[in-house]
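# Architecture and fold: a report
So the chains spell out like this:
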Amino acid sequence: MAPEDFVAAEAALLDAGRFDAWLALFTEDGHYWVPLQGAAQVDPFSHNSIAYEDRLLLALRIERLKNPRAHSQHPASQCQHVLQRSRVEQVDDASGDVDLSTPFIYVESRGEQQQLLAGSYRHRLARTASGWAIREKRVDLLNAGRALPAIQLFI
């Protein structure tokens, strides 16, 4: 599978609510990062982030979403990712890692409420024996520093 197709397949898992399968796409040292300063933020350590989660934190969030007593999921949230074509930004010849950029529109709906977010994904994909895996997924939101409503799912 081409790296660009992998990114589209990842979004389809999120849209289908298959969060455990989505988490399985991450490397053991993988991270999910939503910088508070958007594309201007150079790392997750020198400034606050909307989210900076390793596999353990991602797994805990998924368990919360699946819990029937999760108040924030009554009614359940749904999402839809609309992606532009991914663009390969860089290939690391030594490791085989590939960096991609993918502009997106994200819609999250819960009950009568719907929110729309836009931005660009920056995936670092690692080549593994079983195919591609996410070493880092960075979500650069447009206007990331503005007040955002609670985002329940994974952008």
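Residues numbered from 1 in each chain as written. Predicted model: local features only at pLDDT ≥ 70, side-chain atom pairs only at ≥ 80, totals over all residues. Heavy atoms only, no water.

This part is about the side chain of Q41. The topology assignment puts Q41 in the loop between strand 1 (26-35) and strand 2 (49-54). Within the structure, the side chain of Q41 is placed 3.0 Å from the backbone nitrogen of Q37, a separation counted as a polar contact. At a separation of 3.4 Å, a polar atom in the side chain of Q41 contacts the side chain of S49. Setting aside residues no more than four positions away along its own chain, Q41 makes contact with W33, P35, L36, H47, N48, S49 and R138. (Helix = DSSP H or I, 4+ residues; strand = E, 2+ residues; numbered from the N terminus. Polar contact = N/O pair within 3.5 Å; in protein donor to acceptor, adjacent residues only side chain to side chain. Contact = heavy atoms within 4.5 Å.)

With that out of the way, let us pick up unusual backbone geometry. Phi angles above zero are rare outside glycine, and N143 is one such case at about 55°. The topology assignment puts N143 in the segment after strand 7 (131-141). By relative accessible area, which is 57% here, N143 ends up exposed. (Buried < 20%, exposed > 50% of the residue type's maximum accessible area, 1.4 Å probe, protein only.)

One pass over the structure, following the stated rule, counts 11 salt bridges. Note that D97 is salt-bridged to R135, the shortest N-O span being 2.9 Å. Taken as a pair, D97 in the loop between strand 4 (87-91) and strand 5 (98-110) and R135 in strand 7 lie far apart in primary sequence, 38 residues in all. According to the relative accessible area criterion, D97 is buried, its value standing at 9%. Notably, a salt bridge pairs D140 with R138, separated by 2.7 Å at the nearest N-O pair. For the pair D140 and R138, a shared accessibility class is recorded, and that class is buried. (Salt bridge = Lys/Arg side-chain N within 4 Å of Asp/Glu carboxyl O.)

Compared with the 16 Å implied by 1.5 Å per residue over 12 residues, the 16 Å span of helix 3 (residues 55-66) between its first and last C-alpha is a close match. Inspection of helix 3 places R55, L58, R61, I62 and L65 among the buried residues, and these make up the whole buried set. Looking down the long axis of helix 3, one finds its buried residues gathered within 125° of arc, a one-sided arrangement. Residues of helix 3 that are buried in the fold lie against helix 2 (19-23), strand 1 and strand 2. Capping the start of helix 3 is the job of one residue whose side-chain oxygen sits 3.2 Å from the backbone nitrogen of L56: D54. (Expected span 1.5 Å × (residues − 1). Arc of directions from axis to C-beta.)

Note on placement: V139 falls in strand 7. Counting along the chain gives 89 residues from V139 to I50, while the straight-line C-alpha distance between them is 9.8 Å. Once you skip the residues sitting within four places of it in the chain, V139 turns out to touch Y32, W33, V34, P35, F104, S120, Y121 and I155.

Following the criterion strictly, the structure yields 8 aromatic pairs and no others. Here the aromatic rings of F104 and Y121 are separated by 4.0 Å at their centres, their planes lie at 15°, and the arrangement is stacked. Remark: Y121 occurs in strand 6 (residues 113-128) and F104 occurs in strand 5; sequence separation between them is 17 residues. Here the two residues F104 and Y121 agree in accessibility, since each one is buried. Residue placement shows K137 over the ring face of Y121; its charged tip is 4.4 Å from the ring centre. (Phe/Tyr/Trp six-rings, centres within 6.5 Å; stacked < 30°, edge-to-face > 60°. Lys NZ or Arg CZ within 6 Å of the ring centre and 35° of its normal.)

Among the nonpolar cores identified, the biggest contains 31 residues, and W22, Y32, V139, L141, F154 and I155 are the most heavily contacted of them. The set of elements that each furnish at least two residues to this core consists of helix 1 (3-15), helix 2, strand 1, helix 3, strand 5, strand 6 and strand 7. Residue contacts for L141: discarding those within four places in its chain leaves V34, G38, I50, F104, L117, A118, G119, L148 and I155. (Core = buried A, V, L, I, M, F, W, Y, C linked by side-chain atoms within 4.5 Å.)

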